[in-house]
Amino acid sequence: MELGLTCARCDARGRVEWSSQPGALEAALAATDAFQQALQRQWSRLVHAPPEPVELTTGIYLLVLPAPRRRGGFGRQGTAEQIDVAIVPTTELADHPDLAGWVADTRPRGGNGDHRLPIPGNGRPPPPEAGPGGLHTRRDVDRFARMVAWMHEDGAEIDRRCHEVRAVSQQLLESYEELSLLYKFSARMTVDQPRARFLGEAAAELHQVLGLSWLTLQLADDEPRLGSLAGYIHTVGSADCPEAVMERIGRDLLARQFGATGPQVLESRTIEGAPQLQRLTQQVLAVSIRVGERTVGLIFAGDKTDGSPMSNLDATLCSSLASSMSIFIENVMLYEDVQSMFMGTLHALTASIDAKDSYTHGHSQRVAMLGRDLARACGLDAATADRIYLAGLVHDVGKIGVPEAVLSKPGPLSGEEFELIKRHPEIGARILGDIPQMRDLIPGVLHHHERWDGRGYPHGLRGADIPLYGRLLGLADAFDAMSSNRAYRRAIDCEAVLEEVAACAGRQFDPDLARIFTGMDFTTYYKLLQSHHANAPLRRTA
Ligand SMILES: [Fe+2]
């Protein structure tokens, strides 16, 4: 210690371990039974009353020092069993009348004969030299005590700040965990991806971050706006429970509105009437997924894998993810609403076009379905197949610009009438050109009357120059036209139509597409055709 004091670590049993090189006097004093007994007697005072100087015995003062700080460790005194002290011998040591008794007890361990500490005034040799500061006065002790008090104050301040730093660090850690989890979730949050897989991956991420034995995400089965997600259930981890049982537990928790007002951590034994849950877990964490005022789902989970109790951070992270899932599910619902309205409008539009000719009732819907089936049979991805379905629905939208009398004329068309009919692909393409979300459908609309041999219209494109959408829909369109009653002829039976398709491969149709098409199953198509014929409006007689 820079004040010139001898420092040591003492324990309740009076043992001394030097922290700095002691003077011969301090070393001799500390080795005495009297010193150790005094230390034991005064121990409680030393532990509980720093930084006041404690007079151990006449002429010897101890100043309790703040404990040294170590990396990662704080605290002023590590344990009550050990304290750090400065040993301050004073001039009173030589003058006190009781000193004789004190000295009489001074016998070094294992020594023989009279090794009593020599003290001046007793007619013996001068005392051994004291530590670096020598013998001190009582005033020195007070001065040292004030300095040590400042050290304690500084230590307390450092402790307080360290505590604050730890608290902030913990907050940062928790915020990081939360942000990291939400970032991963939001980065993948788009409504046009497989939704169940996305929710399942999010549940797995939460399960892993929280270190839970198991975690289940369950959505309500009585919420129609959830669409295909209604009744969805996904469990990650080792629940050791059949899915049907887990589903019943989840439905029960949903009915009880667990977690509806925020995350709940409960001892399962406190939940009445839930024996299956009690067998499954000791603690259960539950938080509901809400859209508006409605509970549409629930996240519930059991026990930490390391056996520790669930923490506030666990509940917070679970709640944050549930909130994000709520947003995702609400977006899915809104997206489905818009899609449903869009498709309804589109069906109404195409039905009104088909209705211009009673013979083509349901034609657009059937072409759409055939086009999508053919796209799937060709191995095109689901998104492309869905776009081809839309293109099929609107492929004849340009007929809106063709006189109804021409469209439904029962007899052969004149050259002028046929020219009017031939305009409908370009009219349709212009209509769609004004709708940004449907511009990718234009090739199907514009080119569905092109032929593989180049004798089609409107542009007379040949072979692979014809856009794929046009080739697919051209085939579907021709097939449906042959399979349906028309003003100028009766429907042709399926086998004959397929023979005609095969015969026209390489002339009217893309030969590869024709080969795939003739191998398709048309059961659903014919059911739809029958339904449309049964519901077709009465034919006009004039
Ligand atoms: Fe057409």
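Position numbers for residues start from 1 in each chain and track the written sequence from start to end. Where totals are concerned, whole chains, interfaces and linings use all residues; where local detail is concerned, this predicted model gives features only for residues with pLDDT of at least 70, and gives and counts side-chain atom pairs only at 80 or more.

**Here we look at the overall build of the protein chain**
Okay, step 1: The secondary structure content of the protein chain amounts to 20 helices and 10 strands.
Okay, step 2: The burial criterion counts other C-beta atoms lying within 10 Å of a residue's C-beta, which is placed from the backbone; the residue is buried at 20 or more, exposed at 12 or fewer, and partly exposed between these limits. The 542 residues of the protein chain split such that 34% are buried.
Okay, step 3: Two residues form a contact once the distance between their C-beta atoms, set from the backbone, is within 7 Å. Of the contacts made within the protein chain by residues no fewer than 6 positions apart, 63% connect residues no fewer than 24 positions apart. Strands are runs of DSSP state E lasting at least two residues, helices are runs of H or I lasting at least four, and both sets are numbered from the N terminus onward.

**Details of the pairing of strand E10 (residues 294–304)**
Okay, step 1: Where burial is concerned, most of E10 is hidden: 8 out of the 11 residues are buried.
Okay, step 2: Across 7 bridges, strand E6 (residues 212–219) lies against E10 in antiparallel orientation. In the strand pairing of E10, leucine 219 is matched with glycine 297.
Okay, step 3: Note on pairing: DSSP must find at least two bridges between two strands before they are called paired. Direction of pairing for strand E9 (residues 283–291) relative to E10: antiparallel, over a ladder of 8 bridges. Of the residues in E10, the one forming a bridge with valine 284 is glycine 302.
Okay, step 4: Hairpin connection of E9 to E10: 2 residues between the antiparallel strands, including glycine 292 at a positive phi of 65°.

**Observations regarding helix H6 (residues 138–187)**
Okay, step 1: The end-to-end C-alpha separation of H6 is 71 Å, in line with the 74 Å expected for 50 residues at 1.5 Å each.
Okay, step 2: Of the positions making up H6, those classed as buried are Val141, Phe144, Ala145, Val148, Gly155, Leu181 and Phe185.
Okay, step 3: Those residues of H6 that are buried lie in contact with strand E4 (60–65), strand E5 (82–89), helix H7 (195–210) and helix H10 (312–354). Multiplying 1.5 Å by the helix residue count minus one yields the expected span of that helix.

**A short note on the sheet that holds E5**
Okay, step 1: Within the open sheet, the 5 strands sit side by side as E2-E1-E5-E4-E3. Their pairing is antiparallel. The strands lining the two open edges of the sheet, one partner per strand, are strand E2 (16–18) and strand E3 (54–57). On average, each strand axis in the sheet is inclined to that of its neighbour by 40°, with strand direction left out of account.
Okay, step 2: Direction of pairing for strand E1 (residues 6–11) relative to E2: antiparallel, over a ladder of 3 bridges. Within E2, the residue paired with alanine 8 across the bridge is tryptophan 18.
Okay, step 3: Here the axes come from fitting lines to C-alpha atoms, over the contacting stretch only for helices, and the angles between their N-to-C directions go from 0 to 180 degrees. Contacts from H6 reach E4 and E5, with the element oriented near 10° to E4.

**Brief notes about the sheet that holds strand E8 (residues 264–267)**
Okay, step 1: The 5 strands lie next to each other as E7-E6-E10-E9-E8, forming an open sheet whose pairing is antiparallel. The open sheet is flanked by strand E7 (233–237) and E8, the only strands paired with a single partner. Averaged over all neighbouring strand pairs, the angle between strand axes comes to 20°, with direction disregarded.
Okay, step 2: Pairing of E8 with E9 involves 4 bridges; the strand directions are antiparallel. Across the sheet, the residue bridging to glutamine 264 is alanine 286, located in E9.

**Section: the environment of glutamate 177**
Okay, step 1: With respect to the helices, strands and loops of the structure, glutamate 177 is situated in helix H6.
Okay, step 2: Residue classification places glutamate 177 among the partly exposed residues on the basis of 16 C-beta atoms within 10 Å.
Okay, step 3: For glutamate 177 and leucine 210, which are 33 residues apart along the polypeptide, the C-alpha to C-alpha distance reads 9.7 Å.
Okay, step 4: With sequence-adjacent residues up to four places away left out, glutamate 177 is seen in contact with Val209, Leu313 and Leu317.

**Overview of the packing of helix H11 (residues 363–377) against helix H20 (residues 523–534)**
Two numbers describe a pair of packed helices, the interaxial angle and the distance between the axes.
Okay, step 1: Two elements in contact, H11 and H20, have axes whose closest approach is 10 Å; the angle formed by their N-to-C orientations is 175°. With respect to their mutual orientation, H11 and H20 come out roughly antiparallel. Counting all contacts with H11, which are made through Arg366, Met369 and Leu370, the residues of H20 involved are Tyr525, Leu528 and Leu529.
Okay, step 2: Only Asp, Glu, Lys and Arg are considered charged, only Ala, Val, Leu, Ile, Met, Phe, Trp, Tyr, Cys and Pro nonpolar, and every remaining residue, Gly among them, polar. Residues of the contact of H11 with H20, tallied by class, amount to 5 nonpolar, no polar and 1 charged. Each angle receives one of four descriptions, namely roughly parallel if under 35 degrees, roughly antiparallel if over 145, roughly perpendicular if within 65 to 115, and oblique otherwise.

**So, the nonpolar core**
Okay, step 1: Each nonpolar core reported here comprises buried Ala, Val, Leu, Ile, Met, Phe, Trp, Tyr and Cys residues connected via C-beta atoms within 7 Å. Residues Leu206, Ile299, Cys318 and Leu321 are the most contacted members of the largest nonpolar core, which totals 44 residues.
Okay, step 2: Where this core is concerned, the elements lending two or more residues are H6, H7, E6, helix H8 (243–255), helix H9 (275–280), E9, E10 and H10.
Okay, step 3: Broken down by element, the residue count for this core peaks at 9 residues, all from H10.
Okay, step 4: Among the nonpolar cores identified, the runner-up in size contains 33 residues, and Val367, Leu473, Phe479 and Val501 belong to it.

**Some thoughts on the packing of H11 against helix H17 (residues 468–483)**
Okay, step 1: Packing of H11 against H17 brings their axes to within 8 Å, and their N-to-C directions diverge by 130°. Classified by the angle between their axes, H11 and H17 sit oblique to one another. Seen along the crossing, H11 lies across H17 with a hand that is right-handed. Across the interface between the two elements, His363, Arg366, Val367, Leu370, Gly371, Leu374 and Ala375 from H11 touch Leu472, Leu473, Leu475, Ala476, Asp477, Phe479 and Asp480 from H17. By definition, any crossing whose near helix is turned counterclockwise from its far helix by less than a right angle is left-handed, and any crossing with a clockwise turn is right-handed.

**Looking at the confidence of the model for the protein chain**
Okay, step 1: Per-residue confidence for the protein chain gives a mean pLDDT of 82; residues scoring 70 or more make up 85%.
Okay, step 2: Confidence of the predictor at the level of single residues is given by pLDDT, which spans 0 to 100. Taken together, the stretch residues 70–78 has pLDDT below 50 and engages in 11 contacts with residues farther than four places along the chain or on a different chain.
Okay, step 3: Low pLDDT, under 50, characterises residues 538–542; the stretch is placed with 2 contacts to residues that sit more than four places away or in other chains.

**Regarding unusual backbone geometry**
Okay, step 1: The amide bond that connects tyrosine 457 to the next residue, proline 458, takes the cis arrangement and shows omega of 10°.
Okay, step 2: Looking at the secondary structure, you find proline 458 in the loop between helix H16 (442–446) and H17.
Okay, step 3: Despite not being glycine, glutamine 257 shows a phi value in the positive range, around 60°.
Okay, step 4: Mapped onto the elements, glutamine 257 comes out in the loop between H8 and E8.

**So, the environment of methionine 246**
Okay, step 1: Residue position: methionine 246 is located in helix H8.
Okay, step 2: If we skip the residues at most four places from it in the chain, methionine 246 touches Thr216, Ile233, Thr235, Ala239 and Cys241.

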